[in-house]
Amino acid sequence: MWWKILSVVLLVYVFLTGLLVPLKSGIETVEPAAAHTGREITIRFYGYNTFFEKSAESPIRVWLYYDSQYALSASSFTVVNDTILDARFNMPVNLPEGKQTVYLNAIIDHPIAGASLLPAAIELNQDSSGMVAGLPLDAAWTTTPVETLHLQKGFSFPYQNVIYESIRNTYFHVPMWFVLLFLFCASVWYSLLYLANPSDSSIIRKLKVAGRTLTYMVPAGQENDRRAAAYAETGLLFGILGLLTGMIWANYTWGKPWSNDIKQLMTAVALLIYLAYFILRSSFDEPEKSARLAAVYNIFAFASLIPLLYIVPRMFASLHPGATGNPAFGTQDLDNTMRAVFYPAIIGWTLLGFWIANLRIRYQRLFDRAMDLH
Amino acid sequence: MKKYKAYRLITFIVFLAISLPAALAEGNRDFMRETGKINVVVAVILVIFLGIVWYLFRLERKLTKLEHQTKDDQ
Amino acid sequence: MSKGYFSKWTNLPLPALFMNWKILFPLLRKEFVLEFRQRYAISGIVLYVFSMVFVVYIASIRVAPPVWNVLFWLIVLFASINAVVKSFVQESGARQLYYYQIADPVTLVLAKVIYNTILLLVLGTLAFAAYSLVAGNPVKDLPLFGLVLLLGSLGFSIAFTFIASIAAKANNSATLMAILSFPVILPILLTLVRLSAIALRLIQDTSYTRDIINLLAIDAILISLTFVLFPYIWRD
C-alpha cells in the first residue's frame, strides 16, 4: 500500500513542479543575423522569459562572444520592453586569427535573471574594402572580456533553443521508457521463475474478506506465468504511450515524428516482440504449453534485443541526448534542478506502472479461479 | 446497453484527443509552437492520461463481464 | 516475494550442457539423408529462390548497388525462413519420441543448427550466383562477402531453428514463424546489410572487424540461449 501512496505523492510533486517552475531567461533570436566588420550596427535581441525593464543595482551587460580571449561589448543599448533590447556595437576592422567569417555567440547578463546565451547568433564577415593586411587586431576585441556573470537565483529549468517549454516533457515522456524497461524486465524475471518451477509447489496467499482471513493455494507456476503476461501487457501500454508522445515531441523539435533513432528503434522492436509474445500465447489451446513456450520466447527475444544497443549506433546517429545507446543523460542536458524532478518522476511513473500491472494480475487471478469453478 | 454507452464515450474521447489538436493547428498554424511550445507538453500529458484511462476502462469492462459470469453461477 | 522463490531457483533443473558427440554425427547424417529422400522439399526452396530472383529481374532490370544489397538480403531472409520452418514440422510425433529416447535435446538441436547452417550457406551461394547473373555483380570484396554470407547463414540458422521449434508446436506455424523471428533477427540483419555494404564498397569503413565481432557475439548469445532453453520446448 505504501508504494501506491508514494507513487501518487511523487507524481503530484512531478506534475506541480514540472509544470509550474519557470524556465530560465534566454535569447530567442537576434536581428539581423549577419554583420560586416568596421561598421556600427544596432542589433535587436529578442528575449524569452526575460525582464529587461526590471532594473537592479548593477546594469545589464551585452556581449558578442567569440572565445574566452575575444569578445565585443555593446557600446550602448536601449531597452524597448521586457523582452526586446536594442544594442549598438562598433564592429572591429579585423577578425581574430585572420579569418574571413566568424560566428559570434550572443550573451546578455542580467543581475537578477542571470546570464543567457544564444550560440552562433551573429555571422560576422570580413569586409574586403575595409580589410588592411598586417594590421594588428583591434583592441575592441579584448578590452571588455566576459566576466563575473550572474546566476539566476531560485528554482528554474534550463532554457534551450528549439526545445523551449517542451523541456518539461522530460518528466512525462522520458519516464515512459524507464517504465517499459522495468516492466519488461519484471516480465522476463517471472518467465525465468516459471521455467524454473512450472507447476510443482504452491504459494500460500491470504485474503481478508469481511474480517475473516481466508487462506488459499496458488500453483506457483500459474502465478508466475500470470505475472509475466500482465507485466508484458502493461509494459506494452507504456511502450505505446512512450512512442506516441515521443513522436509528438520529435515532430516539434526535430521536425519529423520518426528518425531511426536508437531509442525509437529499440522501443519499436520491444513492442514487436511483445505483440508476437501475445500472438504466441493465444495460439495454443493447452494453458501449460502456452505458458511454457511463451516464457521461452520471452527470454530468448529479450536477450536478443540487447545486441541492438551496440549495433544501431554504428548505423544511425542518435538525436537523443546522451547518445551512443546510453539511456542516461549527459551532464549538460540535465542540471540539478531537473534531476530533482526527473528522478522522482521515474520512480513515480514506475510505481504507477506496477500498480496498474498489479490490477491486471489480480483480475487474471480472479478470472482463472472463476474458470476453474465452471 | 450500459457497456455500449461506455464504449461510445471512450471512442468519443479518443476522437476528441486526436482531432482537437489537429483542428486547432489548422486554425492557427503555429498553435503547437507558440508560447514556447508549451502545447507540446499539454499534448504529451493528454496522450499519457488518455492512454492510461483507456487501459483502465478496458480492465473495468473485463471485470464487469467476470462479475456477471460469477453472479450467474451462484 | 517470499524466500521460497530463491530456494526454488537453486533447484532449477539445468539441462545437460554436455552433449553426446557420438550421437551428433548420426543425427547430422540423418538430416542429410532425410533431405535427399524427400527431394521435393529442397528443390521447392531452390525454386523459391529462383522465382524471387526472377521477380526482381523482371521488376527492375538494372538495380543500383544499395538496392541490390538490400534486395539480396531480403531474398536470403525469406528463403531461409521457408527452408528452416519445416525442420521440426516434417517429422512425425512417433519419430520425435524415438529421438527423445536416443539423444539429449542439446545434441539434437546442435545437429539441426549445423545442418541448417550448411543448407542456408548453399542457398545463399545459389541466390548470390543467380542474382549476380540477372542483376549484375557489384561485389568488390569477394572474400569479405563470402565471410558475411557464412556468418549470416550461421546467425539465421541459429535464430530460425530455435523459433521454428517453438512455431512447430502451434498449428499455423508458417505465420507464427515470421512474426516471432522478425524482432529476433533484426540485429543480425542490420549488421549483415552494413557488412555487405562494406563489401560492395558502398561505405568506406576500415573498422568492420567491430561489426564481425558484434555478429559473432550475437551468434554466441543466441546459441547459448538455444542450448539452455531448447530442452523446455522439446519436453512434451
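Right above here is the structure, for reference.
Computed from a prediction, not measured in an experiment: that's the story for all the values here.

Asks: Just checking my understanding: could you explain the overall build of chain B for this structure?
Replies: On a plain count of helices and strands, chain B comes out with two helices and zero strands. Across the 74 residues that make up chain B, the buried fraction comes to 15%.

Asks: Can you walk me through the interface of chain A and chain B in this structure?
Replies: Often, the extent of an interface is quoted as the loss of accessible area upon association of its parts. Taken residue by residue, the interface counts 24 residues in chain A and 21 residues in chain B. Looking at the side of chain A that touches chain B, the elements that each hand over two or more residues are α4 (220-253) and α8 (336-373) of chain A. In terms of residue class, the side of chain A that touches chain B is made up of 17 nonpolar, four polar and three charged.

Asks: Just checking my understanding: could you explain the packing of helix α3 (residues 39-59) of chain C against helix α4 (residues 65-84) of chain C for this structure?
Replies: To describe two helices that pack against each other, one gives the angle between their axes and the distance between the axes. Residue and element names in this part refer to chain C. Packing of α3 against α4 leaves a shortest axis separation of 10 Å and a crossing angle of 155°. Considering the angle they form, α3 stands roughly antiparallel to α4. Crossing handedness for the pair α3 and α4: right-handed. Across the interface between the two elements, I45, Y48, V49, M52, V53 and V56 of α3 pack against L71, I75, F78, A79, N82 and A83 of α4. For the contact of α3 with α4, the per-class residue count stands at eleven nonpolar, one polar and no charged.

Asks: Which parts of the structure should I look at to understand the sheet that holds strand β4 (residues 61-65) of chain A?
Replies: Either a parallel or an antiparallel arrangement is found when strands of a sheet pair, and the pairing is made through backbone hydrogen bonds. Residues and elements named next belong to chain A. Across the sheet, five strands lie side by side as β2-β9-β8-β4-β5; this open sheet has mixed pairing. Both edges of this open sheet fall to β2 (34-36) and β5 (71-73), since each of them pairs with a single strand only. Averaged over all adjacent pairs, the angle separating strand axes in this sheet is 35°, with direction ignored. In this structure, β2 lies alongside strand β9 (residues 114-125), joined through three bridges in parallel fashion. For A34, the partnering residue across the bridge sits in β9 and is E123.

Asks: Looking at this structure, how should I read the interface of chain C and chain A?
Replies: The interface is formed by 31 residues belonging to chain C together with 29 residues belonging to chain A. Breaking the side of chain C that touches chain A down by element, the ones donating at least two residues are α1 (4-10), α7 (142-167), α8 (173-199) and α9 (209-234) of chain C. Considering every element that reaches the side of chain C that touches chain A, the biggest residue donor is α8 of chain C, with eleven residues. Partitioned by chemical class, the residues of the side of chain C that touches chain A number 23 nonpolar, four polar and four charged.

Asks: Looking at this structure, I do not really get unusual backbone geometry. What am I missing?
Replies: Glycine aside, negative phi is the norm for most residues, and most peptide bonds take the trans geometry. Note that the residue after E31 of chain A, namely P32 of chain A, is joined by a cis bond; omega there is -10°. Structurally, the position occupied by P32 of chain A is in the loop between β1 (26-31) and β2. A positive phi is found at A120 of chain A, a non-glycine position, where the angle reads about 50°. Despite not being glycine, R201 of chain C has its phi angle at roughly 60°, a positive value.

About the cut-offs
- Residues numbered from 1 in each chain as written.
- Chains lettered and ligands numbered in written order.
- Predicted model: local features only at pLDDT ≥ 70, side-chain atom pairs only at ≥ 80, totals over all residues.
- Helix = DSSP H or I, 4+ residues; strand = E, 2+ residues; numbered from the N terminus.
- Buried ≥ 20, exposed ≤ 12 C-beta atoms within 10 Å, placed from the backbone.
- Contact = placed C-beta atoms within 7 Å.
- Nonpolar A, V, L, I, M, F, W, Y, C, P; charged D, E, K, R; others polar.
- Axes fitted to C-alpha atoms, helices over the stretch in contact; angles between N-to-C directions.
- Parallel < 35°, antiparallel > 145°, perpendicular 65-115°, else oblique.
- Left-handed = near helix turned anticlockwise from the far one by under 90°.
- Pairing = 2+ DSSP bridges.

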